[in-house]
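Chain by chain, the residues:
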Number of protein chains: 2
Amino acid sequence: MTTNPVVKSAKRGPYAKSKQRKESIVKAAHEVFAAHGYRGGSLQDVADKVGMSQTSLLHYFPAKSDLLLAVLDWRDRISGSGSGQGSVSVPGSGSTEGLGEAREPEEALVDAVIRQASFNETIPGVIELYTVLCAESLTENHPGLGYFTERYERLRGGYARKFSVLAGQGRLRDGVDPARAAANLIALWDGIQTQWLMAPESIDMAACLRDYLQLVVLPEG
Amino acid sequence: MTTNPVVKSAKRGPYAKSKQRKESIVKAAHEVFAAHGYRGGSLQDVADKVGMSQTSLLHYFPAKSDLLLAVLDWRDRISGSGSGQGSVSVPGSGSTEGLGEAREPEEALVDAVIRQASFNETIPGVIELYTVLCAESLTENHPGLGYFTERYERLRGGYARKFSVLAGQGRLRDGVDPARAAANLIALWDGIQTQWLMAPESIDMAACLRDYLQLVVLPEG
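This section reports on the structure supplied with the text. (Residues numbered from 1 in each chain as written. Chains lettered and ligands numbered in written order. Predicted model: local features only at pLDDT ≥ 70, side-chain atom pairs only at ≥ 80, totals over all residues. Heavy atoms only, no water.)

### Quick look at the nonpolar core
Side chains of a nonpolar character, in soluble globular proteins, are inclined to be buried together. To be explicit about the condition: Among the buried residues, those of types Ala, Val, Leu, Ile, Met, Phe, Trp, Tyr and Cys that are joined through side-chain atoms within 4.5 Å form a nonpolar core. Buried residues are those whose accessible area, probed at 1.4 Å on protein chains only, stays under 20% of the maximum for their type, while exposed residues exceed 50% and partly exposed ones sit between those limits. Contacts are assigned to residue pairs that have any heavy atoms within 4.5 Å of one another.
By size, the foremost hydrophobic cluster in this structure holds 137 residues, and its most contacted members are Phe 163 of chain A together with Phe 163 of chain B. If sequence neighbours within four positions are ignored, Phe 163 of chain A has contacts with Leu 109, Leu 172, Pro 178, Ala 181, Ala 182, Leu 185, Leu 213, Val 216 and Val 217 of chain A.

### Quick word on empty space enclosed by the protein
Empty pockets left among the atoms are what a rolling probe the size of a water molecule brings to light. Inclusion rule: Using protein atoms alone on a 1 Å grid, points that fit a 1.4 Å probe yet trap it form a cavity, whereas open point sets bounded by protein on both sides within 12 Å along at least five of seven lines form a pocket; residues with an atom within 4 Å of a point count as lining. Grid points are joined across faces, edges and corners, and a volume is the space filled by probe spheres set on the points. Only runs of H or I of at least four residues qualify as helices and only runs of E of at least two qualify as strands under DSSP, and these elements are numbered from the N terminus. Here the nonpolar group is Ala, Val, Leu, Ile, Met, Phe, Trp, Tyr, Cys and Pro; Asp, Glu, Lys and Arg are the charged ones; every other residue, Gly included, is treated as polar.
Counting across every chain of the model gives two cavities of 30 Å³ or more. In terms of lining residues, the largest cavity is bounded by 16 residues, among which Thr 131, Asp 190 and Thr 194 of chain A together with Thr 131 and Thr 194 of chain B are the most central. Secondary-structure elements contributing two or more residues to the lining of the largest cavity are helix 6 (124–136) and helix 8 (178–198) of chain A together with helix 6 (124–136) and helix 8 (178–198) of chain B. Looking at the lining of the largest cavity residue by residue, the class counts come to eight nonpolar, six polar and two charged. Empty space within the second largest cavity amounts to approximately 60 Å³. Along the walls of the second largest cavity sit His 36, Gly 37, Val 132, Ala 135 and Glu 136 of chain A together with Gly 37, Val 132, Ala 135, Glu 136 and Thr 139 of chain B, which together make up its complete lining. Where the lining of the second largest cavity is concerned, the elements lending two or more residues are helix 1 (5–40) and helix 6 of chain A together with helix 6 of chain B. Residue classes in the lining of the second largest cavity are distributed as four nonpolar, four polar and two charged.

### Structural notes on the packing of aromatic side chains
The following threshold applies: Only Phe, Tyr and Trp rings are paired, with Trp represented by its six-membered ring, and only when their centres lie within 6.5 Å; those with planes under 30 degrees apart are stacked, over 60 edge-to-face, the remainder tilted. We call a charge positioned over a ring when the NZ of a Lys or the CZ of an Arg lies within 6 Å of the ring centre and within 35 degrees of the ring normal.
Summed over the entire model, instances satisfying the criterion amount to seven aromatic pairs over all chains. Relative to Phe 148 of chain A, the ring of Tyr 130 of chain A has its centre 5.9 Å away and its plane inclined at 65 degrees; by these criteria the two rings are edge-to-face. Here Tyr 130 of chain A, found in helix 6, pairs with Phe 148 of chain A, found in helix 7 (residues 145–168); they are 18 residues apart in sequence, far enough to count as distant. Classification of Tyr 130 of chain A by relative accessible area gives buried; the value is 2%. For Phe 148 of chain A, a relative accessible area of 1% corresponds to the buried category. Residues Tyr 212 of chain A and Tyr 212 of chain B carry aromatic rings whose centres are separated by 6.3 Å and whose planes lie at 35 degrees to one another, so their mutual orientation is tilted. With one member in each of two chains, Tyr 212 of chain A in helix 9 (residues 205–216) and Tyr 212 of chain B in helix 9 (residues 205–216) form a pair that bridges those chains. An aromatic cluster of at least three residues, connected via ring pairs, comprises Tyr 130, Tyr 147 and Phe 148 of chain A. Across from the ring centre of Phe 61 of chain A, 5.4 Å away, lies the NZ or CZ of Lys 22 of chain A, which sits over that ring. Seen from the ring of Tyr 38 of chain B, Lys 64 of chain B lies directly overhead, with NZ or CZ sitting 4.6 Å from the centre.

### Examining the environment of Leu 197 of chain A
Position of Leu 197 of chain A relative to the elements: it lies in helix 8. Relative accessible area serves as the criterion here: at 18%, Leu 197 of chain A is assigned to the buried category.

### Here we look at helix 4 (residues 64–79) of chain A
Stated precisely, the cut-off is as follows: Helices are assigned an expected span. That span is 1.5 Å times one less than the residue count.
In a regular helix each residue adds 1.5 Å, so 16 residues correspond to 22 Å; helix 4 of chain A covers 22 Å between its end C-alpha atoms and thus fits that length. Residues of helix 4 of chain A that are buried include every one of Leu 67, Leu 68, Ala 70, Val 71, Leu 72, Trp 74, Arg 75, Asp 76 and Ser 79 of chain A, and no others.

### Section: the interface of chain A and chain B
Condition: Two parts lose some accessible area (1.4 Å probe) when they are put together, and adding that loss for both gives the buried area. Here a salt bridge means any side-chain nitrogen of Lys or Arg lying within 4 Å of a carboxyl oxygen belonging to Asp or Glu. Under the rule applied, a polar contact is a pair of N or O atoms within 3.5 Å (in protein, one hydrogen donor and one hydrogen acceptor; residues adjacent in sequence only if both atoms are side-chain atoms).
On the chain B side, the residues contacting the 44 residues of chain A number 44 residues. Together, the buried faces of chain A and chain B total about 3,600 Å²; carbon and sulfur atoms form 68% of this surface. For chain A, the biggest contributors to the area lost against chain B are Leu 138, Gln 195 and Met 198 of chain A; these three give 19% of the whole. Here chain A and chain B share two salt bridges between them. Residue Asp 211 of chain A is joined to Arg 180 of chain B by a salt bridge in which the shortest nitrogen-to-oxygen separation is 2.6 Å. Applying the counting rule to chain A against chain B returns 10 residue pairs in polar contact (both at pLDDT 80 or more). At the level of secondary structure, the elements contributing two or more residues to the side of chain A that touches chain B comprise helix 1, helix 6, helix 7, helix 8 and helix 9 of chain A. Across the side of chain A that touches chain B, the residue classes break down as 24 nonpolar, 12 polar and eight charged.

### Section: the relation of the copies chain A and chain B
Which entries qualify depends on this criterion: We superpose the copies by least squares over the C-alpha atoms of residues that have a pLDDT of at least 70 in both of them.
The transformation that overlays chain A on chain B combines an axial shift of 0.0 Å with a rotation of 180 degrees, and the residual RMSD is 0.0 Å. Taken together, the rotation and translation relating the two chain copies correspond to the operation of a two-fold axis. Among all C-alpha atoms of chain A, that of Leu 188 of chain A lies closest to the rotation axis, at 2.0 Å.

### Concerning unusual backbone geometry
Residue Asn 141 of chain A is not a glycine yet carries a positive backbone phi of 55 degrees. Summarising the element assignment, Asn 141 of chain A is placed in the loop between helix 6 and helix 7.

### Concerning helix 6 of chain B
The end-to-end C-alpha distance of helix 6 of chain B, which contains 13 residues, comes to 18 Å, matching closely the 18 Å that a straight helix rising 1.5 Å per residue would cover. In terms of burial, helix 6 of chain B is largely enclosed, as 11 of its 13 residues are buried.

### A look at the environment of Ile 78 of chain B
All names here are of chain B. Along the chain, the position of Ile 78 falls in helix 4 (residues 64–79). On the accessibility criterion, Ile 78 (29% relative accessible area) is partly exposed. Expressed as a C-alpha distance, the spacing of Ile 78 and Val 126, which sit 48 residues apart in the sequence, is 8.5 Å. In this structure Ile 78 touches Phe 119 and Val 126, once residues within four positions along its chain are discounted.

Treat this as a map of the structure, not an account of what it does.
Structure below.
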């Protein structure tokens, strides 16, 4: 069954244009928030960057907080793109999906973390946005707090399950608690990103994360 | 030799009063910056909190950035107060002095870190200020960037020396690199503070840090 191509194009045109418009606003907001923070970056700055009025911008995102959440969502999609299959969700990446399904969980975990950390070195602006907004979300009545709090909870749960699987295989070093190791891996990753942003020539993020995982996860033997 | 007590009081009075005034401004700025960040917190908010005009405030701190540096300096003094002798300099504490001088460096290091981490749980406002301002310093032309960059460099150097001493005594686990272990300890500490601020009931900062140090530092034997 075919439909009238004119009608189809008329229907798809405005939608596609609106989607494109929204995307360019989100990208501009990403730059503005990374450079000035959420509070320091104004809607006017974002509007100026995409060449529209603030009123037009508010048509797409009725409140500044809507724009923040769209930016965080976009960041999740962008930053996960380097991790491929079996990706881990980490400071700088997307979902926790695939964490528990790999056949060799220790290789999958270690490799995925190292791969993501190496990829993150190619997207300093995205890492900076994450670092700035995450800490800023701790300030009074910040609309991003829920996002980050839930994110950490989900990440801790995902890594804890992964470490528990390894523990069941005798692959976790004696005395390592899967839940605390999960919190620590995420914490170390967050913290090393901050140091790397300030002194990229001194900090090798992938090597630092590998060091930690080699302390926690025993080689197969 | 005695001096005229009236003259003495006239000389000391204004100085003491000015010092007290400055301190109350710094404390108010600490609250404002912790709640809204440096960019989000206005000089007017600070002036309102201490009940003076913005013009009077500018008499004590000619620029907002001067006030930021005074707050960071004050934070260093305050947050080190729980660590006592042989204190370590960490996210939430003061100087690196005393790091290399202890007779039992591993006990001194581990104990000092745990003690400081436990103390930090009693000063969430100070930890929040540190976390918020550190990340915000990554935004464009932020006056705090130099402070935090130098701080990390100094901290990494201090801990690396400490871990090197342990390595020389055969007390560092095989394969652990003192410099990267230093960066990782600081990173983990920073990151776990963020998670703790968001979910204090789920995160035991001292236990997390102890876990890491027990992986890196071998018991005497």
